[in-house]
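Survey of secondary and tertiary structure
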Amino acid sequence: MHVDPDSSDLPYVQIANWLRAEIEAGRMGPRLPSVLALAGQTDTSVNTVRKALAVLVQEGLIVTVEGRGTFVIRGTSTQGDA
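The rules behind each value
- Residues numbered from 1 in each chain as written.
- Predicted model: local features only at pLDDT ≥ 70, side-chain atom pairs only at ≥ 80, totals over all residues.
- Heavy atoms only, no water.
- Core = buried A, V, L, I, M, F, W, Y, C linked by side-chain atoms within 4.5 Å.
- Buried < 20%, exposed > 50% of the residue type's maximum accessible area, 1.4 Å probe, protein only.
- Helix = DSSP H or I, 4+ residues; strand = E, 2+ residues; numbered from the N terminus.
- Contact = heavy atoms within 4.5 Å.
- 1 Å grid on protein atoms, 1.4 Å probe; cavity = no way out; pocket = protein on both sides within 12 Å on 5 of 7 lines; lining within 4 Å.
- Points joined across faces, edges and corners; volume = space filled by probe spheres on them.
- Nonpolar A, V, L, I, M, F, W, Y, C, P; charged D, E, K, R; others polar.

As for the nonpolar core
- Formed by 18 residues in total, the largest nonpolar core has its most connected members in Ile-15, Leu-19, Ile-23, Leu-32, Val-49, Leu-53 and Ile-62.
- Listed by contribution, the elements that provide at least two residues to this core are helix H1 (11-24), helix H2 (35-42) and helix H3 (46-58).
- For this core, the leading source of residues is H1, giving five residues.
- Ignoring sequence-local partners within four residues, the contact set of Ile-15 consists of Met-1, Val-3, Thr-42, Thr-44, Thr-48, Val-49 and Ala-52.

Re the layout of surface pockets
- By volume, the largest pocket amounts to about 170 Å³.
- Residue composition of the lining of the largest pocket, grouped by class: four nonpolar, four polar and two charged.

Here is the structure:
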């Protein structure tokens, strides 16, 4: 994922949007990569990634378990819903 420095969206918003899309498409999860790995993937700081993850936690899409990792909350995908 490339963070666009010219985007009107802040980097953490871009990352949150990318992660949300990946999760909803079923390409990411049930466990997300570590904060450090995501920072490397997005070429941003761990603090930027943490802010992005906080957005998704607030939305109820993911949960972070201390010492265990960050996980997609089951039943959040809209795929296959009737």
